Amino acid sequence: MGGQLNRVDVTVLPEGWTSLPSEVSGCWSATLSPDGRHAAYVSDRGGSPKVWVQPVGSELTFLVDTGEHPVVSVHWSTGGGWLACVLAPGGAPRTEVWLVRPDGSAPHQVAGFGADSAENVRWLPGRPLLAVTENLTTTLLVDAEHGTRETIATGELISLLDVTADRRRALLRHGPRGGRYIALHDLTTGAEEHVTSGEQACFGPDGSVYARSDAGELPVLIRVAGAATEVLASSNTAEVESFALTADGTTIAVLWNVRGGESDLTVLTADGSKQIDLPGSVVSGVSWSFDGSALAFTAEGPGQQHGVWTYDGALHPVSAEPAAPDAVYPALHRFASHDGLEISGWLFAPAGDGPHPAVVWLHGGPEAQERPGHGALFQSLVDRGIAVFAANVRGSSGFGRTFVNADNGALRYAAIADVASCVSYLVGSGVADPDRVGCMGRSYGGYLTLAALTTYPSMFAVGIDVCGMANFATFYEHTEPWIAAAAVSKYGDPVADADLLRDLSPITRIDRLRTPLMLVHGENDSNVPVIEAEQVVGALAALGVPHRYLLFPGEGHELQHRSSRARYLQETIGWLTAYLQPTPALLS
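Fair warning: this is a prediction, and the values are worked out from it, not measured in the lab.

How each quantity is defined
- Counting restarts for each chain: residues are numbered from 1 in the order of the written sequence.
- Whole-chain, interface and lining totals are the exception, using all residues; otherwise, since this is a predicted model, local features are given only for residues with pLDDT of at least 70 and side-chain atom pairs are given and counted only at 80 or more.
- By convention in this description, side-chain values take in all heavy atoms of the structure and omit both hydrogens and water.
- For helices, the axis comes from a line fit to the C-alpha atoms of the stretch in contact; other axes are also lines fit to C-alpha atoms, and the angle between any two N-to-C directions lies between 0 and 180 degrees.
- For the purposes of this entry, the term helix denotes a DSSP run of H or I that reaches at least four residues, the term strand denotes a run of E that reaches at least two, and both are numbered from the N terminus.
- In this scheme the handedness of a crossing depends on how the near helix is turned from the far one: anticlockwise by less than a right angle means left-handed, clockwise means right-handed.
- In what follows, a contact means two residues having at least one pair of non-hydrogen atoms within 4.5 Å.
- Gly counts as polar in this scheme, as do all residues outside two lists: the nonpolar Ala, Val, Leu, Ile, Met, Phe, Trp, Tyr, Cys and Pro, and the charged Asp, Glu, Lys and Arg.
- One bridge is not enough; two strands pair if DSSP finds at least two bridges between them.
- As a per-residue quantity, pLDDT reports the predictor's confidence and falls between 0 and 100.
- Here a pair means two rings of Phe, Tyr or Trp (six-membered ring of Trp) with centres within 6.5 Å. Their orientation is stacked below 30 degrees between planes, edge-to-face above 60, and tilted elsewhere.
- Per-residue accessibility, obtained with a 1.4 Å probe over protein chains only, is compared with the maximum for each type, and a residue is labelled buried under 20%, exposed over 50%, and partly exposed between these values.
- Take a side-chain nitrogen of Lys or Arg and a carboxyl oxygen of Asp or Glu: if they are within 4 Å of each other, that pair is a salt bridge.
- Take the buried Ala, Val, Leu, Ile, Met, Phe, Trp, Tyr and Cys residues and link them wherever side-chain atoms come within 4.5 Å; each set so joined is a nonpolar core.

### A look at the packing of helix α2 (residues 376-383) against helix α10 (residues 562-580)
Here is step 1 of the chain: Interaxial distance between α2 and α10 falls to 11 Å at its minimum, and their mutual angle equals 35°. Seen along the crossing, α2 lies across α10 with a hand that is right-handed. Across from Ala376, Leu377, Ser380 and Leu381 in α2, the residues of α10 making contact are Tyr568, Leu569, Thr572, Ile573 and Leu576.
Here is step 2 of the chain: When grouped by side-chain class, the residues that make up the contact of α2 with α10 number seven nonpolar, two polar and no charged.

### Quick notes on the sheet that holds strand β2 (residues 38-43)
Here is step 1 of the chain: Here four strands make up an open sheet; going across it, the order is β1-β2-β3-β4 and the pairing antiparallel. What marks the edges here is a single partner per strand, and that holds for β1 (27-32) and β4 (62-64). Each adjacent strand pair in this sheet contributes to an overall mean axis angle of 30°, direction not counted.
Here is step 2 of the chain: Pairing geometry for β1 and β2, over four bridges, is antiparallel. When the bridges of β2 are listed, Leu32 appears paired with Ala39.

### Some remarks on the environment of Gly190
Here is step 1 of the chain: Along the chain, Gly190 turns up in the loop between β15 (181-186) and β16 (192-197).
Here is step 2 of the chain: In sequence terms Gly190 and Ala153 are 37 residues apart; their C-alpha atoms lie 8.5 Å from each other.

### With respect to the confidence of the model for the protein chain
Here is step 1 of the chain: Averaged over every residue, the pLDDT of the protein chain is 93; residues scoring 70 or more account for 95%.
Here is step 2 of the chain: In this model residues 1-23 is a low-confidence stretch, pLDDT under 50, and it forms 50 contacts with partners more than four residues away in sequence or in other chains.
Here is step 3 of the chain: Here residues 584-588 scores under 50 on pLDDT; set against residues more than four positions off or in separate chains, the count is seven contacts.

### Focus on the sheet that holds β16
Here is step 1 of the chain: Overall, antiparallel pairing links the four strands, which are arranged β13-β14-β15-β16 in an open sheet. The strands lining the two open edges of the sheet, one partner per strand, are β13 (158-163) and β16. On average, each strand axis in the sheet is tilted by 30° relative to the strand beside it, whichever way the strands run.
Here is step 2 of the chain: The sheet contact formed by β13 and strand β14 (residues 169-174) spans five bridges and is antiparallel.

### What to know about the packing of aromatic side chains
Here is step 1 of the chain: Summed over the entire model, instances satisfying the criterion amount to twelve aromatic pairs.
Here is step 2 of the chain: Note on Phe335 and Phe389: the rings are 6.0 Å apart at their centroids and 45° apart in plane angle, and the pair reads as tilted. Of the two residues, Phe335 sits in strand β29 (residues 331-336) while Phe389 sits in strand β32 (residues 387-392), which places them 54 residues apart along the sequence. Neither residue differs from the other here; Phe335 and Phe389 are each classed as buried.

### Some points on α2
Here is step 1 of the chain: Burial analysis of α2 places seven of its eight residues in the buried class, the great majority of the element.
Here is step 2 of the chain: Among all positions of α2, only Ala376, Leu377, Phe378, Gln379, Ser380, Leu381 and Val382 are buried.

### Quick word on the pattern of salt bridges
One side chain can pair with another of opposite charge once the charged atoms of both are near each other.
Here is step 1 of the chain: Inspection of every chain in the model, using the stated rule, returns 24 salt bridges.
Here is step 2 of the chain: For the salt bridge of Glu367 with Arg177, the shortest nitrogen-to-oxygen distance reads 2.7 Å. With Glu367 in the loop between β31 (356-362) and α2 and Arg177 in the loop between β14 and β15, this residue pair connects regions lying 190 residues apart in the sequence.
Here is step 3 of the chain: The partner of Arg334 in a salt bridge is Glu342, and the shortest N-O contact between them spans 3.7 Å.
Here is step 4 of the chain: Judged by its relative accessible area of 45%, Glu342 falls in the partly exposed class.

### Some points on the pairing of strand β12 (residues 148-154)
Here is step 1 of the chain: Inspection of the sheet shows strand β11 (residues 138-143) paired to β12 by six bridges, in the antiparallel sense. Residue pairing for β12: Asp143 is matched across the bridge by Thr148.
Here is step 2 of the chain: Hairpin connection, β11 to β12: the antiparallel pair is bridged by four residues, and Gly147 has positive phi, about 70°.

### Comments concerning the pairing of strand β17 (residues 200-203)
Here is step 1 of the chain: Pairing geometry for β17 and strand β18 (residues 209-213), over four bridges, is antiparallel. Paired with Gln200 across the strands is Arg212, a residue of β18.
Here is step 2 of the chain: A loop of five residues connects β17 with β18, the two strands running antiparallel in sequence, and Gly207 in this loop sits at a positive phi of about 90°.

### Considerations on the environment of Ala485
Here is step 1 of the chain: Position of Ala485 among the secondary structure elements: in helix α7 (residues 481-491).
Here is step 2 of the chain: As for Ala485 and Pro176, which are separated by 309 residues in sequence, their C-alpha atoms are 7.2 Å apart.

### Considerations on the nonpolar core
Here is step 1 of the chain: Judged by nonpolar contacts, the single largest core of 57 residues is most densely connected at Tyr447, Phe475 and Tyr491.
Here is step 2 of the chain: Per-element tally for this core: the top contributor is helix α5 (residues 444-455), with seven residues.
Here is step 3 of the chain: Excluding residues that lie within four positions of it along the chain, Phe475 makes contacts with Met469, Ile483, Ala487, Tyr491, Asn527, Val528 and Glu532.
Here is step 4 of the chain: Val382, Val388, Ala461 and Leu569 belong to the second largest nonpolar core, which has 31 residues in total.

### Here's the deal with unusual backbone geometry
Here is step 1 of the chain: A cis geometry characterises the amide bond from Gly354 onward to Pro355, with omega recorded as 5°.
Here is step 2 of the chain: Here Pro355 shows up in the loop between β30 (342-348) and β31.
Here is step 3 of the chain: The omega torsion of the bond from Gly365 to Pro366 falls at 10°, within 30 degrees of zero and hence cis.
Here is step 4 of the chain: Inspection of the secondary structure assignment puts Pro366 in the loop between β31 and α2.
Here is step 5 of the chain: Despite not being glycine, Asn120 has its phi angle at roughly 50°, a positive value.
Here is step 6 of the chain: Within the element layout of this structure, Asn120 appears in strand β9 (residues 118-123).
Here is step 7 of the chain: Of note, the phi angle at Ser443 is positive, near 60°, even though the residue is not glycine.
Here is step 8 of the chain: Among the secondary structure elements, Ser443 is positioned in the loop between β33 (432-442) and α5.
Here is step 9 of the chain: The class of Ser443 is buried, set by a relative accessible area of 11%.

Structure below.
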């Protein structure tokens, strides 16, 4: 614990909470063997994220030894001989890629050596070739059979998506956050041809390009063959979130973002479209087996942690638990913000009439989205009579191109004002007690929490900043270079926009903050480095503002270990309830 211990210096934990295994564990990153009969996935059932292999339809599981570091994702080769595992040493944003046989033998590293970070991993269909990008500057093909690494292209903010079977063309992604586009790269001449704005694309077996295009207001699925572009899936009200194409090109799974953040999943064939009846409200990580016989994905929902499922015409749980029967499903609320722009959020409301003590939760990104998925914290707070409003202020994804870019640069002041509009809506609609409203968020949401607390110093009774930015100058100075380069389009240039970034930095007006604040950070975080929290802790100690500093050794930007997440959950609930539901025993 760092800083001044004032008013609440020991977090009061709910009685009997020694561990919360079902609330903080889950399974994700599902990938299938070539014949679809086995699934590999990541699960933290053993305490930290590791790779497990399991026959579909069986409860028998096998732990694949990938060493001590947390696993971010796993990818089964189309030939079946290798698992590509993305590891996060120390829980930090820097990642490595290791290959290991499905039986756990022959582990060896192939990318992300030293200070390099490897991401965007994809096995090329029918070939022992792994597409990898390092530092958003170097794109590689790793030959799993021969152990070689071939550089495909280099550049600033570049990623490799696919390479044709004849090795003559590649699909590259270029650009910063909010401004990325797909290009067709000639590997012989180096010439490039713009395909579309967007982030996901792959080659079909005939050499045509399939892409999720966000060139319009709502993302759509397109196919580009020569000069012809065909729209395969689109909607006037929903976004194509991602897609998965079978290796033979005959079937496409299309994942939709609908109804303010819920998921729909459709399968497109030459015979038409079929919608899958999903086992959870939010789905992610859709992928086919190489033979196209089965589809794998992750599903979750309120009170239902991430679970792995397959679909082969029927749904099959691989490793999944049912939703808690008493879980609260949130209601989507839409309303006009301070300038008339419609914003929204998911309200988790306690039983009984309001007004309730309430917490406004702000997601990271900013180009992410709060969705009705699994949230142990939200459910636990509602159980204790505290409403949670999981907000999607301007800058959130899922609501179209204009909305996601509505907070760029100097427009960020309006996003900060959106937080106050959320509070006004909750109070005005009778949900929230105006004297008992808290604000918290993670990453960008942590920044937005600090910005709201310093802009509206009398609005909130309590706050929690989880790995948020306090000072854009130190963020740009200390974050990973490729993270800084990609962030300029969202926040501004650290040199050209220095005055704007200084004014937008909460540390600039930290002397206005009077709200009791808990800060949470991973010691190894190199995305939002720990210096961001330390500046705030030092300032609050000097100001005499009640605060608590919760630092997690061995963790990075994400809390990877179940023990860390359980402690975070307990400490957070204790801090919030102490100020939103105070008792004489706590405050004496």
